[in-house]
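The residues making up each chain are set out below.
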Amino acid sequence: MPCTVIVGAFWGDEGKGKIISYLALKDDLDFCVRTGSVNAAHTVLFEGKKYALHMVPAAFINSKTRLLIAAGANVHVQKFLDEVEQTKANGRIGVDLNASIIEEKHSAQDKASAINKGIGTTGWGVGPAIEERVRRTAKLAKDIPELKPYLADQVQEVNDGLDANKKVLLEGTQGFMLSLFLSGGYPYVTGRDTGASAIASEAGVGPTRVDEVLIVYKSFITRVGGGPLPGEISKEEAQRRGWFETAAGTGRDRRSAPFDFELAKKNAKINGATQAALTKLDSLFPRCRGVKQYGDLPAEAKDFIKEVETKTCVPVVLIGTGPEAMEIIDRR
Ligand code: IMP
Ligand code: MG
């Protein structure tokens, strides 16, 4: 803080939602800006309730945080309205005037495309919606009557907030390995750059105004959809290890692989990471479950954390030990 970018290290689903919800309360965030679109689901578990958020920023659990949808984002109007109700975000959430709109026709185009089937897109239509925006024929938030009560100048609000030394978190979505430009995984990528610089850019925050880049690693790697996954293990093996997951948004099986130190190092560098979070440590070492003090971790877990730090050259400041927002070891 004051300005932190949260970026996913791998193929998404690293547990960014949990980390953001923790920071919202712990650091008492003033602003949280969500980038990207409806294809990404951020899971928040708080006070026994589970949320899979496709639009509303994961910081909603702090009722004092101003929640914003970025100028560069793509808004699914119905999903947004439903989630505002579900999270009781009315009165403290805003959508940038110039955010673009994703419509049903985009989803139909996404699902009808043969290449998209092979890539295994989420089917929400984010790629076609971005194409339309680039063609300059997209609808913007300011054109939608239902969004009128929520319209905001996100870019101005956040930059004014930074002038006043407010705490701002820029919520990246998906993971760096899905970046359209930088992951090297084309065409098995999403329709945008998911890296830290692009997250700041979508929110209209210049690079010199960002103080920290917090890269989120999960203790193992998962991927949904097509494309290579180095070190991939079978579904049966993933179940045996306790790594098997299904996607929060689409319900699809997630493929999995062990943590990749080389990839973790490379992506930390490209994203300019200054801090790291390591989630789901309890999936690798069940004895870590619910632990809140570093000193209470078993030696093998500490060794793993040290290895992550030595190989990536980034300090692991937050460690997830359970699904609840507050199940975190905070070493800051
Ligand atoms: P699209 O973003 O729906 O176009 O999908 C492109 C690729 O990115 C597919 O492999 C999806 O499974 C993957 N993808 C998109 N969003 C997410 C996400 O939030 N988490 C994990 N994978 C995602
Ligand atoms: Mg997700």
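Above this text sits the structure in question.
Described below are features of the structure shown in this document. (Residues numbered from 1 in each chain as written. Chains lettered and ligands numbered in written order. Predicted model: local features only at pLDDT ≥ 70, side-chain atom pairs only at ≥ 80, totals over all residues. Heavy atoms only, no water.)

**Here's the deal with helix 11 (residues 299–312)**
Convention followed: By the criteria applied, helices consist of DSSP H or I runs no shorter than four residues and strands consist of E runs no shorter than two, each listed in order from the N terminus. By this rule, a helix spans an expected 1.5 Å times one less than how many residues it contains. Three labels apply to residues, based on accessible area from a 1.4 Å probe with only protein chains included: buried if under 20% of the type maximum, exposed if over 50%, partly exposed otherwise in between. Summarising the geometry, the arc corresponds to the directions from the helix axis toward the C-beta atoms.
Helix length check: helix 11, at 14 residues, gives a terminal C-alpha distance of 20 Å against a target of 20 Å (1.5 Å per residue), a fit within 8%. Taken together, the buried positions of helix 11 are occupied by Ala301, Phe304, Ile305, Val308 and Thr312. The buried residues of helix 11 all sit within an arc of 95 degrees when viewed along its axis, so they share a single face. Among the exposed residues of helix 11, those oriented more than 90 degrees off its buried face are Ala299 and Thr310.

**Remarks on the coordination of the magnesium ion (ligand 2)**
Here is the rule: For Na, K and Ca the donor cut-off is 3.2 Å, and for all other metals it is 2.8 Å, counting N, O and S atoms only; because water is absent from this set, sites may look incomplete.
On the protein side, the magnesium ion (ligand 2) has Asp13 (OD) and Ala41 (O) as donor atoms, found 2.1 to 2.4 Å from it. With Asp13 in the loop between strand 1 (3–8) and helix 1 (16–26) and Ala41 in the loop between strand 2 (31–34) and strand 3 (42–46), this residue pair connects regions lying 28 residues apart in the sequence. Taking relative accessible area as the criterion, Ala41 reaches 12% and is therefore assigned buried.

**Some points on the pattern of salt bridges**
Which entries qualify depends on this criterion: Any carboxyl oxygen of Asp or Glu within 4 Å of a side-chain nitrogen of Lys or Arg constitutes a salt bridge here.
Overall, the coordinates contain 22 salt bridges when judged by the stated rule. A salt bridge links Asp163 to Arg209; the nearest nitrogen and oxygen atoms lie 2.7 Å apart. Within this pair, whereas Asp163 is found in helix 6 (residues 154–163), its partner Arg209 is found in the loop between helix 7 (196–202) and strand 11 (212–218), the two being separated by 46 residues in sequence. Here Glu245 and Lys280 are joined by a salt bridge, their closest N and O atoms 2.6 Å apart. Separated by 35 residues along the polypeptide, Glu245 in the loop between helix 8 (235–241) and strand 13 (255–258) and Lys280 in the loop between strand 14 (275–279) and helix 10 (281–284) bring together distant segments of the chain. Connected through salt bridges with shared partners, the residues Asp13, Lys218, Glu245, Arg254 and Lys280 form a single ionic network.

**Some points on the sheet that holds strand 5 (residues 66–69)**
How we decide: A pair of strands is labelled paired if DSSP reports no fewer than 2 bridges between them.
In spatial order, the strands read 9-7-5-2-10-1-11-14-15-16; together these 10 strands make up an open sheet with mixed pairing. The open sheet terminates on both sides in strands that have one partner only, identified here as strand 9 (151–152) and strand 16 (328–330). In the sheet, strand 2 pairs with strand 5 via 4 bridges, with the strands oriented parallel. Each residue of the ladder has a partner; that of Phe31, found in strand 5, is Arg66.

**Some thoughts on the site of ligand 1**
Just so we agree on the cut-off: If a single non-hydrogen atom of a residue is within 4 Å of a molecule or strand, that residue counts as near it. Nitrogen and oxygen atoms within 3.5 Å of one another constitute a polar contact, given that in protein one can donate a hydrogen and the other can accept it, and given that sequence-neighbouring residues count only through two side-chain atoms. Shrake-Rupley sampling with a 1.4 Å probe provides the accessible areas, and residues are treated as covered by the protein chains on show and by no other component. For this scheme, ten residues count as nonpolar: Ala, Val, Leu, Ile, Met, Phe, Trp, Tyr, Cys and Pro. Four count as charged, namely Asp, Glu, Lys and Arg, and the remainder, Gly too, count as polar.
What surrounds ligand 1 is a group of 15 residues, the closest being Asn39, Thr122, Gln174, Thr190 and Arg252. Gly120 has a polar backbone atom sitting 3.3 Å from an oxygen atom of ligand 1. Isolated, ligand 1 exposes 470 Å² of accessible area, and the fraction of that covered by the protein chains is 96%. Of the residues contributing to the shell around ligand 1, the split by class is 6 nonpolar, 7 polar and 2 charged.

**Digging into the packing of aromatic side chains**
Heads up, the condition is: Pairing of aromatic side chains here covers Phe, Tyr and the six-membered ring of Trp, requires ring centres within 6.5 Å, and sorts the geometry by plane angle: under 30 degrees stacked, over 60 edge-to-face, intermediate tilted. By the criterion adopted, a ring carries a charge over it if an Arg CZ or a Lys NZ lies within 6 Å of its centre and within 35 degrees of its normal.
Throughout the structure, instances matching the rule amount to 10 aromatic pairs. Judged by centre distance (5.6 Å) and plane angle (85 degrees), the rings of Phe10 and Phe259 are edge-to-face. You can see Phe10 sitting in the loop between strand 1 and helix 1 and its partner Phe259 sitting in the loop between strand 13 and helix 9 (261–270), a full 249 residues away along the chain. Per residue, the accessibility class of Phe10 equals that of Phe259, and both read buried. Ring geometry for Phe220 versus Trp243: centroids 4.9 Å apart, planes at 10 degrees, classification stacked. With Phe220 in strand 12 (residues 220–223) and Trp243 in the loop between helix 8 and strand 13, the pair connects residues that are 23 residues apart, well separated along the chain. The same class applies to Phe220 and to Trp243, which are both buried. Linked through ring pairs, Phe10, Tyr217, Phe259, Phe261, Phe285 and Phe304 together constitute an aromatic cluster. Here the basic side chain of Arg241 rests over the ring of Trp243, its NZ or CZ set 4.9 Å away from the ring centre. Lying over the aromatic face of Tyr294, Arg331 brings its terminal NZ or CZ to 4.0 Å of the ring centre.

**Notes on the environment of Lys269**
When you line up the elements, Lys269 lands in helix 9. Between the C-alpha atoms of Lys269 and Tyr51, which are 218 residues apart in sequence, the distance is 32 Å.

**Looking at the packing of helix 9 against helix 11**
So the rule is basically this: Lines fitted to the C-alpha atoms define the axes, with helices restricted to the stretch that makes contact. Angles between their N-to-C directions range from 0 to 180 degrees. Relative orientations are named as follows: roughly parallel for angles under 35 degrees, roughly antiparallel for angles over 145 degrees, roughly perpendicular for angles from 65 to 115 degrees, and oblique for any other angle. The hand of a helix crossing depends on one turn: near helix anticlockwise from the far one by less than a right angle means left-handed, and clockwise means right-handed. In what follows, residue pairs with any heavy atoms lying within 4.5 Å of each other are defined as contacts.
As a packed pair, helix 9 and helix 11 sit with axes 8 Å apart at the nearest point and diverge in direction by 50 degrees. One element, helix 9, and the other, helix 11, form an angle in the oblique class. For the pair helix 9 and helix 11, the crossing hand works out as right-handed. Listed contacts from helix 11 to Phe261, Ala264, Lys265 and Ala268 of helix 9 are Phe304, Glu307, Val308, Lys311 and Thr312. Considered class by class, the residues forming the contact of helix 9 with helix 11 number 5 nonpolar, 1 polar and 3 charged.

**Observations concerning the nonpolar core**
As a reminder, the rule being used: We call a set of buried residues a nonpolar core when its members are Ala, Val, Leu, Ile, Met, Phe, Trp, Tyr or Cys and they connect through side-chain atoms within 4.5 Å of each other.
Grouped together as the largest cluster of nonpolar side chains are 99 residues, with contacts concentrated most on Phe80, Leu170, Tyr217 and Leu281. Setting aside residues no more than four positions away along its own chain, Leu281 makes contact with Ser219, Cys288, Leu297, Ala301, Phe304, Ile305, Ile319 and Gly320.

Keep in mind these numbers describe shape, not what the thing actually does.
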